Amino acid sequence: MRAGINKTDYVLWSFIAIYTGIIYATLSLVSKIRKVLAEKYGVGVFNNIYWIFILAGAGVLVWCCIRFKGIKRLKAVGAFIVIGSIYTYYLTTLTYAVEKIHFVEYGLLALLVGIAVTRHIPAWPGTGIALCIVFWIGLGDETIQWALPNRVGEIRDSITNLISGALGISLLPMLRSPRTAAVSIPAGHVRAFIASIGTTVIFTALFLLRVHGFGHVVE
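Residues numbered from 1 in each chain as written. Predicted model: local features only at pLDDT ≥ 70, side-chain atom pairs only at ≥ 80, totals over all residues. Heavy atoms only, no water.

K.L.:
I would appreciate a short explanation of helix 4 (residues 70–93) in the present structure.
P.N.:
Residue pairs three or four apart in sequence face the same way in an α-helix, which turns once every 3.6 residues. Taking 1.5 Å of rise per residue, 24 residues should cover 34 Å, and helix 4 covers 35 Å from first to last C-alpha, within 8% of that figure. Within the sequence span of helix 4, burial applies to Ala76, Val77, Phe80, Ile83, Gly84, Tyr87, Tyr90 and Leu91. (Helix = DSSP H or I, 4+ residues; strand = E, 2+ residues; numbered from the N terminus. Expected span 1.5 Å × (residues − 1). Buried < 20%, exposed > 50% of the residue type's maximum accessible area, 1.4 Å probe, protein only.)

See the structure below:
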C-alpha cells in the first residue's frame, strides 16, 4: 500500500479516464463501423477478436512462467487456464461482435482500475471497490446506449461487463509479487468498501427506474 497520491496515480487514472472516454465516444459509431467492415471484409472479419484474445492470453501465460517458480507457477497457470476458459465461453456464446469487443474492453478496464485502486487500498476491499467502479462505468455505458437511436440500455449487459471485470481483476496477482505475510485491513478501507456497495445499489436502482433496463419491445 502506498501513502499519498503521486505521479503514477495521476497517469493511471488519466489513462483510465481516456480509455473510458473512448468506450463512451465510440458507442454511437459502433453500428456504422460494423457495417463498413462487414461490407468491405465480410462478416468473418469480426472473428479476428479471437486472435487478439489468443495472443494476449499467450503473453500472460509466458509472463506467469517467467514470474513464478515451482508450485506458485502451477497455481498461476491453473488460475490462468480457468480465467481463459471462462473468457472463451463468453466470447463464443455472445451473439454480436459488439458484445464480444465490449467484453474484452471491460476486462482490460477492470485490470487498470484494479491496479490503480489497490495501490492504496489492497486486499479484498480494494478489489471490491474496483469492481464497483467498473460496474458504475458499465451503467454509464448502457445509459448512453439507451439515449442513442436504435440502441437499448440493458442491466444484463452491465452484469456481463461486470463479469468480464471480475475476470480482468483476477489477473492482478499474476502481475504482482506474491505476499508472504497477511496484511491487516484498516477499518477505513472496510468503510470505503461498504460505501461503494451502497453507492452501487443506489446507481442500480436509479438505472432500473429511469432507463429501460430490459430493452424496448417493437411491435
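K.L.:
Would you mind showing me how to read the packing of helix 4 against helix 5 (residues 97–118) here?
P.N.:
Packed helices, taken two at a time, are described by the angle between their axes plus the distance between the axes. With their axes 9 Å apart at the nearest point, helix 4 and helix 5 run at an angle of 150° to one another. When the axes of helix 4 and helix 5 are compared, the pair comes out roughly antiparallel. Across from Tyr87, Tyr90 and Leu91 in helix 4, the residues of helix 5 making contact are Lys100, Phe103, Val104 and Gly107. For the contact of helix 4 with helix 5, the class distribution of residues is 5 nonpolar, 1 polar and 1 charged. (Axes fitted to C-alpha atoms, helices over the stretch in contact; angles between N-to-C directions. Parallel < 35°, antiparallel > 145°, perpendicular 65-115°, else oblique. Contact = heavy atoms within 4.5 Å. Nonpolar A, V, L, I, M, F, W, Y, C, P; charged D, E, K, R; others polar.)

K.L.:
Before we go on, may I ask you to explain the confidence of the model for the protein in this structure?
P.N.:
Detailed reading of the predicted coordinates is not advisable wherever pLDDT is low. Residues with a pLDDT of 70 or more make up 88% of the protein, whose mean pLDDT is 83. Averaged pLDDT values for the elements of the protein fall to 72 in helix 2 (residues 30–41) and rise to 94 in helix 9 (residues 187–210). Scored below 50 in pLDDT, residues 215–219 shows 6 contacts in the model against residues more than four places distant or in partner chains. (pLDDT = per-residue confidence, 0-100.)

K.L.:
Teacher, can you tell me more about the pattern of salt bridges here?
P.N.:
For side chains of opposite charge, pairing can occur when their charged atoms come near one another. What the rule picks out here adds up to 3 salt bridges. The structure contains a network of salt bridges with shared partners spanning Glu154, Arg156 and Asp157. (Salt bridge = Lys/Arg side-chain N within 4 Å of Asp/Glu carboxyl O.)

K.L.:
Please clarify how the side chain of Thr204 should be interpreted in this entry.
P.N.:
Along the chain, the position of Thr204 falls in helix 9. Here Thr204 falls in the buried class, since its relative accessible area comes to 18%. For Thr204, the contacting residues outside a window of four places in its chain are Phe135, Leu139 and Ile155.

K.L.:
What should I look at first to understand a nonpolar patch on the surface in this one?
P.N.:
Residues Ile202, Phe203 and Leu206 make up a contiguous nonpolar surface patch of about 280 Å² in total accessible area. Relative to the elements of secondary structure, Leu206 occurs in helix 9. Leu206 sits in the partly exposed class, given a relative accessible area of 45%. (Patch = residues over 30% accessible without salt bridge, like charges linked within 9 Å, V, L, I, M, F, W, Y side chains within 5 Å. Areas by Shrake-Rupley, 256 points an atom, 1.4 Å probe, with all protein chains shown as cover.)

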